[in-house]
Amino acid sequence: MVLAADRRSELMAEVRDHVDAALTEAGRSDEATVRNVLERLGPPEDIVAAEGGQPGTTLDAAPAPSGRAAGTVAGWGAVEVTAVALLCLAWPALFLPFGFFLFVAFGIIGLVLVWASRVWTTRRKLTATICVVALYALLIMLTTPVSMKCSTGGGPPEPCTPGGPSPIVNPTQ
Amino acid sequence: MPRMVAGETRDPTTELRRGVLEHCVLAVMRKKESYAYEIVRVLSDAGGLVTSEGTIYPLLSRLRRDGLVDTTWRESETGPPRRYYRLTSQGQRSLDAFVEDWARFRDAVDAVLAPRG
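Residues numbered from 1 in each chain as written. Chains lettered and ligands numbered in written order. Predicted model: local features only at pLDDT ≥ 70, side-chain atom pairs only at ≥ 80, totals over all residues.

Caption draft 1: Representation of the overall build of chain B within the structure. For chain B, the helix and strand inventory stands at 4 helices and 3 strands. Listed N to C, the secondary structure of chain B is α-β-α-α-β-β-α in terms of helices and strands. Within chain B, buried positions represent 22% of all 117 residues. For chain B, contacts bridging at least 24 residues in sequence account for 42% of all contacts bridging at least 6. (Helix = DSSP H or I, 4+ residues; strand = E, 2+ residues; numbered from the N terminus. Buried ≥ 20, exposed ≤ 12 C-beta atoms within 10 Å, placed from the backbone. Contact = placed C-beta atoms within 7 Å.)

Caption draft 2: Examining the packing of helix 1 (residues 12–28) of chain B against helix 2 (residues 36–47) of chain B more closely. All names here are of chain B. Orientation of helix 1 relative to helix 2, taken along the N-to-C sense of each, is 115°, at an axis distance of 10 Å. Classified by the angle between their axes, helix 1 and helix 2 sit roughly perpendicular to one another. Considering how the two elements wind past one another, helix 1 and helix 2 form a crossing that is right-handed. Residues Cys 24, Val 25 and Val 28 of helix 1 form the contact with helix 2, whose participating residues are Ile 39, Val 42 and Leu 43. Split by residue class, the contact of helix 1 with helix 2 holds 6 nonpolar, no polar and no charged. (Axes fitted to C-alpha atoms, helices over the stretch in contact; angles between N-to-C directions. Parallel < 35°, antiparallel > 145°, perpendicular 65-115°, else oblique. Left-handed = near helix turned anticlockwise from the far one by under 90°. Nonpolar A, V, L, I, M, F, W, Y, C, P; charged D, E, K, R; others polar.)

Caption draft 3: Representation of the interface of chain B and chain A within the structure. At the junction of the two partners, chain B supplies 16 residues and chain A supplies 21 residues. Only helix 2, helix 3 (56–65) and strand 3 (79–87) of chain B provide two or more residues apiece to the side of chain B that touches chain A. When grouped by side-chain class, the residues that make up the side of chain B that touches chain A number 6 nonpolar, 6 polar and 4 charged.

Caption draft 4: Main features of the confidence of the model for chain B. All names here are of chain B. Looking at chain B, the pLDDT average stands at 89 and 91% of residues meet or exceed 70. When pLDDT is averaged over each helix and strand of chain B, the minimum, 89, is found for helix 1 and the maximum, 95, for helix 4 (residues 89–113). Interface confidence for the predicted complex, expressed as ipTM, amounts to 0.80; the pTM equals 0.55. (pLDDT = per-residue confidence, 0-100.)

What follows is the structure, given as structure tokens:
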């Protein structure tokens, strides 16, 4: 099971403090003592399993309505699914009326949702953001300057062909 | 339902421990607020009530979420600040109810286990 980022870092801090306190109590930190402390701590799987063992478990440290947990399965709740859907649909949306506007809007809303997620880790959010921004930047670079460069004075932007703009499209030349 | 690992035999003591652990944790903080490691120590010293010490943290987290305990951070001379746990009134009520239930349960089991004749 997946723990929310908040609870995961909180739990890790608690376990770390526990080990420190145990070693302080033992008065030494040689390998044998550390092993004993870790053994008393118990298997990590048991600790993580205990996190999810109760009905109405929310995976966040902060109090939240208990209905929330029911909607999140292995890191994919409504927020996350919507975010990914919007980000994927942004591309086909280009072909609709107002395509570019939809493309940008879906992208922005999708990213906002990604960062609003309480289940995804920061690392996953960063990865998603970098991928999205890179793909958007690539698309914009591939389309806009190419057509702009090849427009003759007063003519509409059009894709470049080798040798310059097609003479057929520019009867004024 | 307790989680079962394939091949693990059902040790009744493990299940008993699981059933009472939450209220034993509440009982430890009944007289004064305590920090997690202290609670673990008291429970171990009492007689091995905690086998996997790390599982106390999810339990405490749940008690917080359910409103049975409150926490405060306090400075400590021997290191980083500690989180101290204390009972809320709801936690106190839950503990009181358990103390009664446990007494009845314990007496019933003792009566059945006692040798006959």
